[in-house]
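# Survey of secondary and tertiary structure
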Amino acid sequence: MRLAALPDRDLDQRELTSLADQIAGQPGLWSHQVAFPEEGRHYVSLYRDEHVDVWLLCWTSGSDTGWHDHDGSAGAVRVVSGAVTESIPRIGGEPAAVTRPGGTSFTYDPDHIHRLTGAAGQSVSIHVYSPPLVRMGQYSIDDQGVIRRLPLGFAEELRPLTTGPMSLAS
């Protein structure tokens, strides 16, 4: 995939959103990579340079990243079709959840922890990160309520490490 000239620096959240929306609006760049496996998600790296990382993700209902962070990279997501639910853990309560339908975008800071799940049959989303992903953190909670972080490389598959929602009620 080739992109129009990008600044020679990391992008801010406004720029990330604009780039995700721009790429989503050009399906000729990525539609040939769309696939829906029977289980899990399909994900493909579309572009990577020293400042930007772009991914295509294809979701089925219930496909799940598990709780994770992006280890220093800010991100923007454009839901192209279907819907994706973003959940954010909260100490002392159930996670906050927002379902993002096709045609919407959202961003997050580098310190953001969340979980994304497919919410509507087959869904497609474009994810843009800056600086590019190097590592991610995958989270689990044990029977005693202790949260653990497992570092993953940027190309490793995110997956739930626990069953059920992460409840951090005190």
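Residues numbered from 1 in each chain as written. Predicted model: local features only at pLDDT ≥ 70, side-chain atom pairs only at ≥ 80, totals over all residues. Heavy atoms only, no water.

Looking now at the sheet that holds strand β5 (residues 83–90). The 3 strands are arranged β6-β5-β8 in an open sheet whose pairing can be described as antiparallel. At either end of the open sheet lies a strand with only one pairing partner, and these are β6 (93–101) and β8 (115–118). Neighbour-to-neighbour, the strand axes of the sheet open up by a mean angle of 25°, direction not taken into account. With 4 bridges joining them, β5 and β8 adopt antiparallel strand pairing. Pairing of Glu86 across the sheet is with Leu116, part of β8. (Pairing = 2+ DSSP bridges. Helix = DSSP H or I, 4+ residues; strand = E, 2+ residues; numbered from the N terminus. Axes fitted to C-alpha atoms, helices over the stretch in contact; angles between N-to-C directions.)

On to unusual backbone geometry. Residue Ser130 is joined to Pro131 through a cis peptide bond whose omega torsion reads -5°. Mapping Pro131 onto the fold places it in the loop between β9 (122–130) and β10 (135–141). The phi dihedral of Asp71 falls on the positive side, at around 45°, and the residue is not glycine. The residue Asp71 is located in the loop between β3 (68–69) and β4 (74–81) in this model.

Let us now look at empty space enclosed by the protein. By the definition in use, this model includes 1 cavity of 30 Å³ or more. As for the largest cavity, its lining consists of 17 residues, and the residues nearest its centre are Arg41, Leu57, Tyr129, Met136 and Leu158. Grouping the constituent residues of the lining of the largest cavity by class yields 10 nonpolar, 4 polar and 3 charged. (1 Å grid on protein atoms, 1.4 Å probe; cavity = no way out; pocket = protein on both sides within 12 Å on 5 of 7 lines; lining within 4 Å. Points joined across faces, edges and corners; volume = space filled by probe spheres on them. Nonpolar A, V, L, I, M, F, W, Y, C, P; charged D, E, K, R; others polar.)

With that settled, the discussion passes to the environment of Asp69. Mapped onto the fold, Asp69 is located in strand β3. In sequence terms Asp69 and Phe36 are 33 residues apart; their C-alpha atoms lie 24 Å from each other. With sequence-adjacent residues up to four places away left out, Asp69 is seen in contact with His112, Ile113, Met136, Gly137, Tyr139 and Arg149. Side-chain polar atoms of Asp69 contact the backbone nitrogen of Asp71, separated by 3.0 Å. (Contact = heavy atoms within 4.5 Å. Polar contact = N/O pair within 3.5 Å; in protein donor to acceptor, adjacent residues only side chain to side chain.)

The way to describe two aromatic rings as a pair is by their centre distance and the angle between their planes. Tallied over the entire structure, the rule returns 2 aromatic pairs. Aromatic side chains Tyr43 and Trp55 sit 6.0 Å apart centroid to centroid with 45° between the ring planes, which places their arrangement in the tilted category. One end of the pair, Tyr43, is in strand β1 (residues 42–48); the other, Trp55, is in strand β2 (residues 53–60), and 12 residues separate them in sequence. Classification of Trp55 as buried rests on a relative accessible area of 7%. Considering the side-chain rings of Phe106 and Tyr108, the 6.3 Å spacing of their centres and the 45° angle between planes classify their relative orientation as tilted. Pair check on accessibility: Phe106 and Tyr108 agree, each one buried. (Phe/Tyr/Trp six-rings, centres within 6.5 Å; stacked < 30°, edge-to-face > 60°. Buried < 20%, exposed > 50% of the residue type's maximum accessible area, 1.4 Å probe, protein only.)

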